[in-house]
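Coordinate analysis (summary)
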Amino acid sequence: MYQPPTILVTGGSGLIGSAIKRQTPHYQQCFFVFASSKDADLTSPAETKALFQKVNPNYVIHLAARVGGVYRNSNEKDRVKMLTDNIAINTNVIACCEEFNVTRAILCLSTCVFPDIPPSGYPFDETALHQGAPHPSNEGYAHAKRLMELHSRLLNDENPNAKRYVCVTPTNVYGSHDNYHLENSHVIPGLIHRAYLAKMSNSNFVLRGTGSALRQFVFSDDLARVIINLLIKTAVTGPVIVAPQNEYSIRYIGELIADRFEISRERIVFDTNFGDGQKRKPASDQRLRNILPEITYTPLEVGIAYSVKWFQNNYDTARK
Ligand code: NDP
């Protein structure tokens, strides 16, 4: 009897996992299992193995990670766990991909883990990943991700016919079901929450830093389409950057969000007691466009409008 291929999505309750869930109606020939930390603590080898035993996946989309924005990444208390938890999670998942002989696995890197000062200039491409130290605000998370790339590359080299691992490497991701925590979130969800509170209390909308840092952003639903395509429609291996080419200043992002909440420009203020992190770190998605030439990205203005609306409609239940 025909058995539909099973796709295990770790980190299935998060921002990107939720976006993958919204893609599932287009892939009814596949059976998706979305796992959160409630299903298995992936820092534990035994719980990771038990999850794989239960699901017995053909494919894996590995998203689970201890994640945070620039301020959490550099928080003294979190720096060690950013390294050790992420190394443990990634090592356990990859070990099970090997043991359970999965056909293919997507592992999630991040352009945040690229070197602070790239020796061969901007934009980064996939070859720059290990060419220099990451930004100090990001060290633990970055080295854990870099080790995952190395681990999977060595396994790909050991078993080249399997073409088992591809490391999707997104720039900043945003969309619905994000983490809107005021301290531990990424820039867009954090700003959406601050703007919401500023609007409610009729107070200033405070942006941390000078607003001059430049970033690229990818809408979570665009990334989800790329991930599934890379997994089941291609046989590519190694890192693949997903990053729309435009860079936007944090000030511009703040203004877009303020506009959605009808907060006037005079109410946007900058708290320069906070740093900006890396000034810019543009990455090139040329490899992705060679692999999937049909790729398109949602315009930032459209994605932000959708994300703000989602947060307003789901304020009570949103992660914050
Ligand atoms: P979220 O913070 O939204 O979700 C994290 C997910 O990981 C949750 O499902 C969480 O489960 C799960 N998780 C965390 N710790 C454990 C654990 N010990 N055991 C099992 N599951 C765990 O993350 P995102 O969706 O934003 O990120 C997904 C991936 O994408 C990560 O690998 C991240 O590094 C990468 N990435 C994210 C970017 C971004 O801007 N968001 C940018 C580039 C890369 P639970 O809900 O139960 O806590």
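Preceding this section is the structure that the text describes.
1. Comments concerning the site of the ligand
Contacts to the ligand come from 28 residues, most closely from Ser-13, Ser-37, Tyr-141, Lys-145 and Arg-319. One of the side-chain nitrogen or oxygen atoms of Asp-41 is found 3.0 Å away from a nitrogen atom of the ligand. Contact with the protein chains hides 88% of the accessible area of the ligand, taken as 900 Å² for the molecule alone. Those elements that provide at least two residues to the shell around the ligand are helix H1 (15–23), helix H5 (139–158) and strand E6 (172–174). Partitioned by chemical class, the residues of the shell around the ligand number 14 nonpolar, 11 polar and 3 charged.

2. Focus: the state of the cysteines
Going through the model one piece at a time under the given rule, you end up with 0 disulfides. Of all cysteine sulfurs, the one in Cys-97 lies closest to Cys-30, which takes part in no disulfide; the gap is 16 Å. Exposure remark for Cys-30: the relative accessible area of 12% places this residue in the buried category. Sulfur of Cys-96: no disulfide; nearest cysteine sulfur belongs to Cys-97 and is 7.4 Å away.

3. What to know about the packing of helix H6 (residues 187–201) against helix H8 (residues 250–260)
When two helices pack together, their arrangement is given by the angle between the helix axes and the distance between those axes. Taken N-terminus to C-terminus, the directions of H6 and H8 make an angle of 45°; their axes are 10 Å apart at the nearest point. It follows that H6 is oblique to H8 by the angle criterion. For the pair H6 and H8, the crossing hand works out as right-handed. Facing H6, whose interface residues are Val-187, Ile-188, Leu-191, Ile-192 and Ala-195, H8 presents Ile-250, Ile-253, Gly-254 and Ile-257. Counted by class, the contact of H6 with H8 contains 8 nonpolar, 1 polar and no charged residues.

4. Overview of the nonpolar core
Counting residues in hydrophobic clusters, the biggest one holds 35 residues, and the most contacted among them are Phe-52, Val-60 and Cys-97. Of all elements in the fold, only helix H2 (45–55), helix H4 (76–99), strand E4 (104–108), H5 and strand E5 (165–170) reach the threshold of two or more residues within this core. The element contributing the most residues to this core is H4, with 6 residues. Here Phe-52 is in contact with Leu-8, Pro-57, Val-60, Val-93, Cys-96, Cys-97, Phe-100 and Val-102, once residues within four sequence places are set aside. Counting residues in each nonpolar core, the second largest holds 31 residues, with Val-9, Ile-106, Val-166 and Val-240 among its members.

5. Some details on the sheet that holds E5
The strands that make up a sheet are held in pairs by hydrogen bonds between backbone atoms, and each pair lies either parallel or antiparallel. One open sheet accounts for 6 strands, arranged E2-E1-E3-E4-E5-E10; its pairing is parallel. A strand with exactly one partner marks an edge of an open sheet, and here the two such strands are strand E2 (31–35) and strand E10 (238–242). Taken pair by pair, the neighbouring strands of this sheet meet at an average axis angle of 20°, ignoring direction.

6. Observations regarding helix H7 (residues 220–232)
Here H7 spans 19 Å end to end across 13 residues, near enough to the 18 Å set by a 1.5 Å rise per residue. Burial runs high along H7: 11 of the 13 residues are buried. What H7 keeps buried is the set Ser-220, Asp-221, Asp-222, Leu-223, Ala-224, Val-226, Ile-227, Ile-228, Asn-229, Leu-230 and Leu-231.

7. Some remarks on the packing of H1 against H7
Relative orientation of the contacting elements H1 and H7 amounts to 70°, with a least axis distance of 8 Å. Here H7 runs roughly perpendicular to H1, going by the angle between their axes. The handedness of the crossing between H1 and H7 is right-handed. Taken together, the residues of H7 that come into contact with H1 (itself represented by Leu-15, Ile-16, Ala-19, Ile-20, Arg-22 and Gln-23) are Ser-220, Asp-221, Leu-223, Ala-224, Arg-225, Ile-227 and Ile-228. Here the contact of H1 with H7 is composed, by residue class, of 8 nonpolar, 2 polar and 3 charged.

What counts, and at which threshold
- Residues numbered from 1 in each chain as written.
- Predicted model: local features only at pLDDT ≥ 70, side-chain atom pairs only at ≥ 80, totals over all residues.
- Heavy atoms only, no water.
- Near = heavy atom within 4 Å.
- Polar contact = N/O pair within 3.5 Å; in protein donor to acceptor, adjacent residues only side chain to side chain.
- Areas by Shrake-Rupley, 256 points an atom, 1.4 Å probe, with all protein chains shown as cover.
- Helix = DSSP H or I, 4+ residues; strand = E, 2+ residues; numbered from the N terminus.
- Nonpolar A, V, L, I, M, F, W, Y, C, P; charged D, E, K, R; others polar.
- Disulfide = S-S within 2.5 Å.
- Buried < 20%, exposed > 50% of the residue type's maximum accessible area, 1.4 Å probe, protein only.
- Axes fitted to C-alpha atoms, helices over the stretch in contact; angles between N-to-C directions.
- Parallel < 35°, antiparallel > 145°, perpendicular 65-115°, else oblique.
- Left-handed = near helix turned anticlockwise from the far one by under 90°.
- Contact = heavy atoms within 4.5 Å.
- Core = buried A, V, L, I, M, F, W, Y, C linked by side-chain atoms within 4.5 Å.
- Pairing = 2+ DSSP bridges.
- Expected span 1.5 Å × (residues − 1).

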